[in-house]
Amino acid sequence: MRVSSQGVTVVALLADPDAPTEIAQRMARTLPARLADKSGQGRRFDVEVVSEPFTARTEDPPTLMRRIMDRGRAESWDIVVALTDLPLHSHGRKLVVDLSHEHGLALLSLPPLGGLRLQTRARRAVEEAVLSLAGPRATGAEGPPRSQPLLGPFVSRLAPIHPGQVGEEETADLRYVVSGPRGYLRVLVGMVRANRPWRLVPGLSKALAAALATGAVATVNSTIWNLAESLSAPRLVIATVGSVALMIGWLIVDAQLWHRSAEVSREARQRARLYNASTVMTVGIGVLVCYVGLIVINLVLALFILNDQVFASTTRTPLHAAEYWTLSWFVASVATVGGALGSGLESDEAIRAAAYSKREQERRRILQDDDGD
């Protein structure tokens, strides 16, 4: 690792566009002071944020580390920490961080940090990586500090992270990976958070309009009243699951969101499973938010429109709170099916834009271009 002649360690946060850049910009406000406080010895740090798609057309950690090294050599940076929201794989394991103490480089994959308190976890991870790279052992003649303890932010019962295998020809000298079902779930949740599924709601404007119209008609339909009153709670749950699953499946198929890898390697299959699972969860959360919104809107509509005497004469059941709730619940399921049909009016690009982060959109576009070539 180089040290600037002015006694200031220049740290570059090289971040993929979208979420990684936002995270890097927020942490850069307090990172210099925190690094100086933790490092001691009167050291000073200058933090720069550079936003560029350094992961374009590759998800191979050794290749990315070489890119980061070349990028750092072209600038006056002492330490480079690269942040990406892509899930990276190495030797069949999911990569958390790669460190090169010789060159002052770190590659951090954000999904293994999970979906909760991501900003805090990312900041702590970057702090530990920088302090490790700037430490006295980073430039010693003993070789890479493989005996250093695990990075503090990663160690917990919910984060089964451990040192990973590093090839002799690789730039990295220390690697942490995540494994096991808990690690898979943590990476998956991190990917879903990066996609920000709540953005799917405004992205399905035509589908929501169709669902609201269907719900309004169903709310004043006496046949729907009788059906709702005849359904037990288990059947209402089945109707919910069926309508939501139909909506999710239709969106994925119609907008061609399912990822199919042309490669046959183990890592390619792992990536495909991760991307498809994150797609289902992203779209599922968005559809569930829409479903809950439909219940609320239908309930308000029923409170204003329904007449208790007409309802009782038709269903032979007084119109009380339970009847309002049951009707609104069932109508939401019916309206969701109508929304699925209405989603066919949306453009595929609009649905993809709502379902994925910008980085994920770029990744899929590049893969489609490569397949076309």
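Residues numbered from 1 in each chain as written. Predicted model: local features only at pLDDT ≥ 70, side-chain atom pairs only at ≥ 80, totals over all residues. Heavy atoms only, no water.

**What about the nonpolar core?**
At step 1: Among the nonpolar cores identified, the biggest contains 58 residues, and Leu 13, Ile 68, Leu 107 and Val 126 are the most heavily contacted of them.
At step 2: No other element matches helix 4 (residues 118-134), which puts eight residues into this core.
At step 3: Filtering out sequence-adjacent residues up to four positions away, Ile 68 remains in contact with Leu 14, Phe 54, Val 80, Ala 82, Leu 105, Ala 106 and Leu 107.
At step 4: With 33 residues, the next largest nonpolar core counts Ile 248, Phe 311, Leu 327 and Ala 335 among its residues. (Core = buried A, V, L, I, M, F, W, Y, C linked by side-chain atoms within 4.5 Å. Buried < 20%, exposed > 50% of the residue type's maximum accessible area, 1.4 Å probe, protein only. Helix = DSSP H or I, 4+ residues; strand = E, 2+ residues; numbered from the N terminus. Contact = heavy atoms within 4.5 Å.)

**Describing the pairing of strand 8 (residues 174-178)**
At step 1: Counting buried residues in strand 8 gives five out of five residues, a clear majority hidden from the surface.
At step 2: In terms of strand pairing, strand 5 (residues 93-100) meets strand 8 through five bridges, oriented antiparallel. Looking at strand 8, one finds that Val 97 is bridged to Tyr 176.
At step 3: Bridge analysis of strand 7 (residues 161-163) against strand 8 gives three bridges, and the strand direction is antiparallel. Within the sheet, the bridge partner assigned to His 162 lies in strand 8 and is Val 177. (Pairing = 2+ DSSP bridges.)

**Considering the UniProt feature "transmembrane region" (unreviewed entry) in the protein**
At step 1: Feature annotation in UniProt places "transmembrane region" (unreviewed entry) on residues 207-227, 233-253, 274-306 and 326-345, given in this structure's numbering.
At step 2: End C-alpha to end C-alpha, residues 274-306 measures 46 Å, and it is 97% helix and 0% strand. (UniProt positions renumbered as here; feature names shortened; annotations may be inferred.)

**Quick notes on the pairing of strand 6 (residues 105-109)**
At step 1: Taken across its five residues, strand 6 has five buried, putting it largely inside the fold.
At step 2: The side-chain alternation of strand 6 yields two buried faces, one formed by Leu 105, Leu 107 and Ser 109 and the other by Ala 106 and Leu 108.
At step 3: Two strands pair when backbone bridges link them, and strand 3 (residues 79-84) and strand 6 are joined in this way by five bridges, in the parallel orientation. Opposite Thr 84, over in strand 6, you have Ser 109 as the bridge partner.
At step 4: With four bridges connecting them, strand 5 and strand 6 associate as antiparallel partners. If you follow Val 97 over to strand 6, its bridge partner there is Leu 108.
At step 5: In this antiparallel pair of consecutive strands, strand 5 and strand 6, the connection spans four residues, and Gly 104 shows a positive phi of 70°.

**Description of the side chain of Arg 186**
At step 1: Within the fold, Arg 186 resides in helix 5 (residues 180-195).
At step 2: Although Arg 186 lies buried, it forms no salt bridge, and the closest oppositely charged side chain, Glu 128, sits 14 Å away as judged by the N-O distance.
At step 3: For Arg 186, the side chain forms a polar contact with the main-chain oxygen of Pro 112, separated by 2.6 Å. (Lys, Arg positive; Asp, Glu negative; His and termini not counted. Salt bridge = Lys/Arg side-chain N within 4 Å of Asp/Glu carboxyl O. Polar contact = N/O pair within 3.5 Å; in protein donor to acceptor, adjacent residues only side chain to side chain.)

**Here we look at the packing of helix 8 (residues 222-230) against helix 11 (residues 308-315)**
At step 1: Orientation of helix 8 relative to helix 11, taken along the N-to-C sense of each, is 65°, at an axis distance of 10 Å. Taken as axis vectors, helix 8 and helix 11 run roughly perpendicular relative to one another. The two elements helix 8 and helix 11 meet at a crossing, and its hand is right-handed. Counted together, Ser 222, Trp 225, Asn 226 and Glu 229 of helix 8 and Val 310, Phe 311, Thr 314 and Thr 315 of helix 11 form the full contact between these two elements.
At step 2: Residue composition of the contact of helix 8 with helix 11, by class: three nonpolar, four polar and one charged. (Axes fitted to C-alpha atoms, helices over the stretch in contact; angles between N-to-C directions. Parallel < 35°, antiparallel > 145°, perpendicular 65-115°, else oblique. Left-handed = near helix turned anticlockwise from the far one by under 90°. Nonpolar A, V, L, I, M, F, W, Y, C, P; charged D, E, K, R; others polar.)

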